[in-house]
Amino acid sequence: WSEWTAVPSLTRFLSPGQYTLKVMSRAANGAISKERTLQFRIRPRFSETTAFYIIIAIAAALAIYIFVKMREDKLQNDKKVLEEKVAERTAEIEAQKKEITSSIEYASRIQHAMLPAETILSEAFPEHFILYRPRNIVSGDFYWISAEGQRVFITAADCTGHGVPGAFMSMLGISSINDIMKLRNKEKDLVKIFIKNENIPSIIDELINCGITYRSV
C-alpha cells in the first residue's frame with residue numbers, strides 16, 4: 001500500500017501485463033472505506049509482440065531469398081553470356097584451324113609432288129622401300145634422286161626445323177639441288193656450283209646437313 005495522499009491521480013510506469021488495483025479512501029474524521037478492487041491489463045506495443053517478431057523474421061527470410069535468387073539469376077545470366085562468347089570464340093578458332101589445316105594439307109600435296117616419282121626409284125632400285133612419315137602433315141625431311149646414264153645421284157636430307165618452316169626449307173632444298181644438277185658440267189664442280197649459285201646463297205647454312213652421293217650401275 002502507498003501512503004495516504006489527497007492527490008486524486010496516480011502515475012506509474014508499468015510494463016505490459018495483467019494488474020490488480022486496490023483502492024481505499026479515508027474521510028476527514030479518519031473513517032476508512034472498504035477496499036475496492038480494479039483489474040486491468042496493459043497491452044504491449046505492436047513492436048513488442050510475438051506477431052511483430054514473426055513478421056520481421058518472415059520479411060528477413062524473404063529478403064534473403066530474393067537476394068539469393070537475384071544473385072543466382074545474375075550468375076546464370078553471366079554464365080550463359082560467357083558460354084555464348086566461348087562457343088562463338090571456339091567456332092572462330094575451329095574455322096581458323098580448319099582453314100590452316102586445309103592450307104597445310106594442300107602444301108603437303110605440293111611437297112609430295114616435288115618428291116621423286118616412284119618410277120624413277122623403281123628403275124634405279126628395283127628392290128627398295130621408303131619410310132617417309134612427316135611429323136606435322138608437312139615435313140622438313142626430303143629425299144631426292146636423279147639418274148644420268150650409268151650414274152644415280154641420291155640425296156637424303158634433314159632440314160632445320162619441322163612442320164611448315166621445315167617444309168619450306170625442304171622445298172627450297174629440292175629446288176636448289178635441281179638447279180645444281182641442271183648447271184652441273186662436271187662431277188668435280190658439284191660443290192663449287194652449289195656455293196656460287198646466286199639463287200641459293202642464303203640457304204647454304206640450312207642445307208649443310210644434306211648429303212649428296214651417287215653410285216655407278
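Residues numbered from 1 in each chain as written. Predicted model: local features only at pLDDT ≥ 70, side-chain atom pairs only at ≥ 80, totals over all residues. Heavy atoms only, no water.

Quick notes on the overall build of the protein
Looking only at helices and strands, the protein has four helices and five strands in total. By the burial criterion, 19% of the 217 residues in the protein qualify as buried. For the protein, the share of sequence-separated contacts (at least 6 apart) that also reach a separation of at least 24 residues comes to 52%. (Helix = DSSP H or I, 4+ residues; strand = E, 2+ residues; numbered from the N terminus. Buried < 20%, exposed > 50% of the residue type's maximum accessible area, 1.4 Å probe, protein only. Contact = heavy atoms within 4.5 Å.)

Focus: the nonpolar core
Within the largest apolar cluster, eleven residues are counted, these being Leu 115, Tyr 132, Phe 142, Trp 144, Phe 153, Ala 157, Cys 159, Met 169, Ile 174, Ile 177 and Met 181. The element best represented in this core is helix α3 (residues 163–183), accounting for four residues. (Core = buried A, V, L, I, M, F, W, Y, C linked by side-chain atoms within 4.5 Å.)

Some details on the side chain of Gln 111
Assignment of secondary structure puts Gln 111 in helix α1 (residues 50–114). Exposure remark for Gln 111: the relative accessible area of 1% places this residue in the buried category.

What to know about the side chain of Ser 139
Structurally, Ser 139 is set in the loop between α2 (118–124) and β3 (141–148). Residue Ser 139 is classed as buried on the basis of its relative accessible area of 6%. With residues up to four places along the chain from it excluded, the contact list for Ser 139 reads Gln 111, Tyr 132, Pro 134, Gly 166, Ala 167 and Ser 170.

A word on the pattern of salt bridges
Inspection of the entire model under this criterion finds four salt bridges. The shortest N-O distance in the salt bridge between Asp 78 and Lys 74 comes to 3.1 Å. Note that Asp 78 and Lys 74 are positioned in helix α1 at a spacing of four residues, about one turn of the helix. Taking relative accessible area as the criterion, Lys 74 reaches 47% and is therefore assigned partly exposed. The residue Arg 89 makes a salt bridge to Glu 92 at a minimum N-O spacing of 3.0 Å. With Arg 89 and Glu 92 both in helix α1, this residue pair falls three residues apart, about one helical turn. (Salt bridge = Lys/Arg side-chain N within 4 Å of Asp/Glu carboxyl O.)

Points about α3
In this model, α3 (21 residues) spans 30 Å end to end at C-alpha, consistent with the 30 Å of a helix rising 1.5 Å per residue. Those residues of α3 not exposed but buried are Gly 163, Gly 166, Ala 167, Met 169, Ser 170, Met 171, Gly 173, Ile 174, Ser 176, Ile 177, Ile 180 and Met 181. (Expected span 1.5 Å × (residues − 1).)

So, the pairing of strand β4 (residues 151–158)
With eight bridges connecting them, β3 and β4 associate as antiparallel partners. Counterpart to Ile 145 in the pairing with β4 is Ile 154. Once β3 ends, the chain turns through two residues before running back antiparallel as β4, passing Gly 149 with a positive phi of about 65 degrees. (Pairing = 2+ DSSP bridges.)

Brief notes about the environment of Ala 6
For Ala 6, the location among the structural elements is in the segment before β1 (17–23). In this structure, the C-alpha to C-alpha distance between Ala 6 and Arg 26, residues 20 residues apart in sequence, is 9.6 Å.

Examining the packing of aromatic side chains
Inspection of the entire model under this criterion finds four aromatic pairs. Consider the rings of Tyr 19 and Phe 40, whose centres lie 5.7 Å apart with planes at 20 degrees: the pair is stacked. Of this pair, Tyr 19 sits in strand β1 while Phe 40 is found in strand β2 (residues 36–42), placing the two residues 21 residues apart along the sequence. On the basis of relative accessibility, which here comes to 25%, the residue Tyr 19 falls in the partly exposed class. For Phe 40, a relative accessible area of 28% puts it in the partly exposed group. Members of the aromatic cluster, each reached through a chain of ring pairs, are Phe 46, Phe 52 and Tyr 53. (Phe/Tyr/Trp six-rings, centres within 6.5 Å; stacked < 30°, edge-to-face > 60°.)

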